[in-house]
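# Examination of the molecular architecture
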Amino acid sequence: MSKFIVIYHARAPYMQMMQEKGSTQEDMQAEMQAWMDWAGRCGDSLTEMGGPMVGNLKLTSEGSSASDRGVVGYSILEAGDMDAAKALLEGHPHFRLDSSCEIEVHEVMQMPASG
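This text gives an overview of the structure that appears in the document. Fair warning: this is a prediction, and the values are worked out from it, not measured in the lab.

## Quick word on the state of the cysteines
Working definition of a disulfide: a covalent bond connecting the sulfur atoms of two cysteines. Under the counting rule described, the total for this entry stands at 0 disulfides. With no disulfide of its own, Cys 101 lies closest to Cys 42 among cysteine sulfurs, the gap being 17 Å. Under the relative-accessibility criterion, Cys 101 is labelled buried at 7%.

## Some remarks on the environment of Glu 20
Mapped onto the secondary structure, Glu 20 falls in helix H1 (residues 14-20). Separated by 29 residues in sequence, Glu 20 and Met 49 have C-alpha atoms that sit 25 Å apart.

## What about the pattern of salt bridges?
All chains considered together, the criterion is met by 3 salt bridges. For Glu 20, the salt bridge identified is with Arg 11, shortest N-O distance 2.7 Å. Looking at Glu 20, the relative accessible area reads 46%, which means it is partly exposed. A salt bridge links Arg 96 to Glu 31, with the nearest nitrogen and oxygen atoms 3.0 Å apart. Of this pair, Arg 96 sits in helix H4 (residues 94-97) while Glu 31 sits in helix H2 (residues 25-42), and the two are 65 residues apart along the sequence. Residue class for Glu 31 comes out buried when judged on its relative accessible area of 15%. Through salt bridges with shared partners, one network takes in Arg 11, Glu 20 and Asp 98.

Reading the values: rules and limits
- Residues numbered from 1 in each chain as written.
- Predicted model: local features only at pLDDT ≥ 70, side-chain atom pairs only at ≥ 80, totals over all residues.
- Heavy atoms only, no water.
- Disulfide = S-S within 2.5 Å.
- Buried < 20%, exposed > 50% of the residue type's maximum accessible area, 1.4 Å probe, protein only.
- Helix = DSSP H or I, 4+ residues; strand = E, 2+ residues; numbered from the N terminus.
- Salt bridge = Lys/Arg side-chain N within 4 Å of Asp/Glu carboxyl O.

Read these as spatial facts, not as claims about activity.
Here is the structure:
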C-alpha cells in the first residue's frame, strides 16, 4: 500500500464560505455529515482525516509571509496506487461547498529505513 497526501484547496476557509452562503446550523451539520459519510466509505484507507487549516505561512530563505495558495485542509489515504486513491475521492464532499474547491493528491515516495 502507498500513502497519499490529499490537499484541499478553496478560495477561503470553510467557515467563511459557509457564512457567505448564509448557511444555517443545519446546513453546517449536513456538510459535516457528508464528510463523515465519505470517511465511512473510505474505511481503513483513510488513515488521517485532517482538519481545517488556518494561519497558513510561507517560509523562504528570505523570511516568511502569508501563504496565498488556498490550502484549507488535508487528509492522508492509503491505497494500492494513484487510481485507487482517486477512486476514494470520487464524489468527495469538498466539491459541494463552492466552485473554487479543488483537491490535489500526492503519492508519498517510500524511503528506505535508516538504521
